[in-house]
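# Residue-level structural notes
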Amino acid sequence: MVKIPRVWDRKNMILLKELTKTDFKLRYQGSVLGYLWAILRPLLMFAILYVVFSQILKFGDDIPHYPVYLLTGTVLWSFFSECTGQGIQAMVMRGDLIRKVSFPKYIVVVSSTLTAVINLCINILVVVIFALISGVSPSLSWLIVPMFIVELYALSLGISFLLGAINVKYRDVASIWEVLTQALFYTAPIIYPISMAAAMSPTAAKILLLNPISQVIQDVRYNLITKETVTTWNYIDNIWWKAVPIIIIVVLLVVGALYFRKKSKYFAEEV
Amino acid sequence: MKSAIKVTGLHKSFNLPNEKAAGLKQAIFNYLKGIKGYKKQKVLKGISFEIQPGEFVGIIGRNGSGKSTLLKLLAGIYVPDSGKVEIDGTLVPFIELGVGFNPELTGRENIYLNGALLGFSNKEMDAMYDEIVKFAELEDFMGQKLKNYSSGMQVRLAFSIAIRAKGDILILDEVLAVGDAEFQQKCNDYFASLHGNQTVVLVTHSMENVRKFCDRAILIEQGKIVKEGDPDEVADAYLKLWD
């Protein structure tokens, strides 16, 4: 039987590294600003949102350090949308490889999302610098921020595996997801503070906080910027409801990984 | 001695979509109408053979006879419907030359990427690198992007990786004879030198190569083995397919 390599097999890691390096190198080939675009994109998005929502519509006047607050949300959102966008398309984009060589397919998905991870790391640095400039004092709770980023990455991977596997056969999935992310953007408190939703209807605010993306964004803001942030944990009373975002992520990741593994045997024929 | 490759009762079929079933809309439509949306095409119908270590075996057959599917099953790219493929040792498949080659990467980067795809570690690639470059005669171009290579140079590089890659079993799909006359001669010499030292499975349409290099040949027709044995006899049988 053809040897089935273990998940963390050294050879797989080398392939992962090579593919990620290639992706990373090629992404910004031929652009004058090159890699700078990775940082500029969320910053520019932030600038637009800031002018429209903070300056014109006067959102978030009651929140300390609102610009940092907004930037954190945009950076995390950019990561999520980039990660899933790349991850879902990965198998199709790398169809040439899948048809010609045999290797564990999850490597392609992971490598395509790692560029987003690298971008996020740099963007988080930008957020931290921005936070310090705007007068947020560093605290020990900054240290647990990576935990929430891992959580968001787990969510992105779960979605990428599940939808990426379906997308091999039904290419509509990637397009549907593109539209869906547009809608999802508004279900998370990125441009509007959750307090605004709470003022209208506390129940609505609670439902919004069940969204794992909202939970992560709010938790990062809570630990990074201000303890006044409303989080899933401090706003919802019932312990089971508090756990809903985590449950969603775990279920998506497990189901996604299992489904992907089951289908991956036939990717070479279908892609 | 244990066989390098042992194939028993291999069956493989594909679901070929009818018209345009590649879409969610059509899939739902077909499902509602009770249409299967695809046609089952049997490509391999019970293939069995063994290849001993050090053997040079040619697989021949007409277009669409199932050779490439068989090779992909050997390489583990496809999974069989039924039957077994047993491989002893590491298998290096070249279903196509230069898999993953990217025009924006340098020759050097492409070698390492290609190597990683074939399952070689960086260390193993380091050991092979000089030989590959030397065989390809591209010493002065390794820092250049692949897009600046002539097509002949690209094939030479890809081909050199293929034949310099150190694996127990080498699988080649119709990739002999690339480059100019001199390079071809070099490749021929190299293949001749492999004789007895390296297990090679070669899919080809060139009967000349079958007669020249192979210890044994297998003729496949419509998913079944119709003749197996002496390369000259099998090559003759192949040519008679059109009579």
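Everything that follows concerns the structure shown earlier in this document.
Residues numbered from 1 in each chain as written. Chains lettered and ligands numbered in written order. Predicted model: local features only at pLDDT ≥ 70, side-chain atom pairs only at ≥ 80, totals over all residues. Heavy atoms only, no water.

## A short note on the overall build of chain A
From N to C terminus, chain A includes 14 helices and zero strands. For 271 residues, the compact-globule estimate of 2.2 N^0.38 gives 18 Å, and chain A sits close to it at 20 Å. When the backbone C-alpha atoms are referred to their principal axes, chain A occupies close to 65 × 45 × 35 Å. For chain A, buried positions account for 52% of its 271 residues. Sequence-distant contacts, at least 24 apart, represent 78% of the contacts inside chain A between residues at least 6 apart. Carbon and sulfur atoms make up 71% of the accessible area of chain A, which amounts to about 12800 Å² in all. (Helix = DSSP H or I, 4+ residues; strand = E, 2+ residues; numbered from the N terminus. Rg over C-alpha atoms; globule rule 2.2 N^0.38 Å. Buried < 20%, exposed > 50% of the residue type's maximum accessible area, 1.4 Å probe, protein only. Contact = heavy atoms within 4.5 Å. Areas by Shrake-Rupley, 256 points an atom, 1.4 Å probe, with all protein chains shown as cover.)

## Side note on the interface of chain A and chain B
With 27 residues of chain A at the contact, the number on the chain B side is 35 residues. On inspection of chain A and its partner chain B, the count reaches six residue pairs in polar contact (both at pLDDT 80 or more). Contributions of two or more residues to the side of chain A that touches chain B are made by helix 1 (10-27), helix 4 (95-100), helix 7 (172-187) and helix 14 (267-270) of chain A. For the side of chain A that touches chain B, the leading source of residues is helix 1 of chain A, giving ten residues. Class assignment of the residues belonging to the side of chain A that touches chain B gives a composition of 14 nonpolar, three polar and ten charged. (Polar contact = N/O pair within 3.5 Å; in protein donor to acceptor, adjacent residues only side chain to side chain. Nonpolar A, V, L, I, M, F, W, Y, C, P; charged D, E, K, R; others polar.)

## Examining the packing of aromatic side chains
Counted by the stated rule, this structure contains 23 aromatic pairs over all chains. Each ring, one from A:Phe185 and one from A:Tyr186, has its centre 5.1 Å from the other, and the planes form 90 degrees; the classification is edge-to-face. With 6.4 Å between their ring centres and 75 degrees between their planes, B:Tyr190 and B:Phe191 make a pair best called edge-to-face. Look at B:Phe191 and you get buried, because its relative accessible area is 0%. An aromatic cluster is present here, built from B:Phe56, B:Phe135, B:Phe159, B:Phe183, B:Tyr190, B:Phe191 and B:Phe213 joined pairwise through their rings. One cation-aromatic arrangement involves A:Lys206 over A:Tyr235; the distance from NZ or CZ to the ring centre is 5.9 Å. Just above the ring of B:Phe135 sits the side chain of B:Lys186; from NZ or CZ to the centre is 4.7 Å. (Phe/Tyr/Trp six-rings, centres within 6.5 Å; stacked < 30°, edge-to-face > 60°. Lys NZ or Arg CZ within 6 Å of the ring centre and 35° of its normal.)

## Quick notes on the side chain of B:Gln198
Relative to the helices and strands, B:Gln198 resides in the loop between helix 6 (181-194) and strand 7 (199-203). With a relative accessible area of 13%, B:Gln198 lands in the buried category.

## Side note on the sheet that holds strand 1 (residues 5-17) of chain B
Residues and elements named next belong to chain B. Spatially, three strands are ordered 2-1-4 in an open sheet, and the strand pairing comes out antiparallel. Bordering the open sheet on either side are strand 2 (38-51) and strand 4 (82-87), each of which pairs with just one other strand. This sheet shows a mean twist of 30 degrees between the axes of neighbouring strands, independent of strand direction. As judged from the eleven bridges shared by strand 1 and strand 2, these two strands associate in the antiparallel manner. The residue of strand 2 that forms the bridge with Val 7 is Phe 49. Packed onto the sheet, helix 2 (residues 67-74) meets strand 1, strand 2 and strand 4 and runs at close to 115 degrees relative to strand 1. (Pairing = 2+ DSSP bridges. Axes fitted to C-alpha atoms, helices over the stretch in contact; angles between N-to-C directions.)

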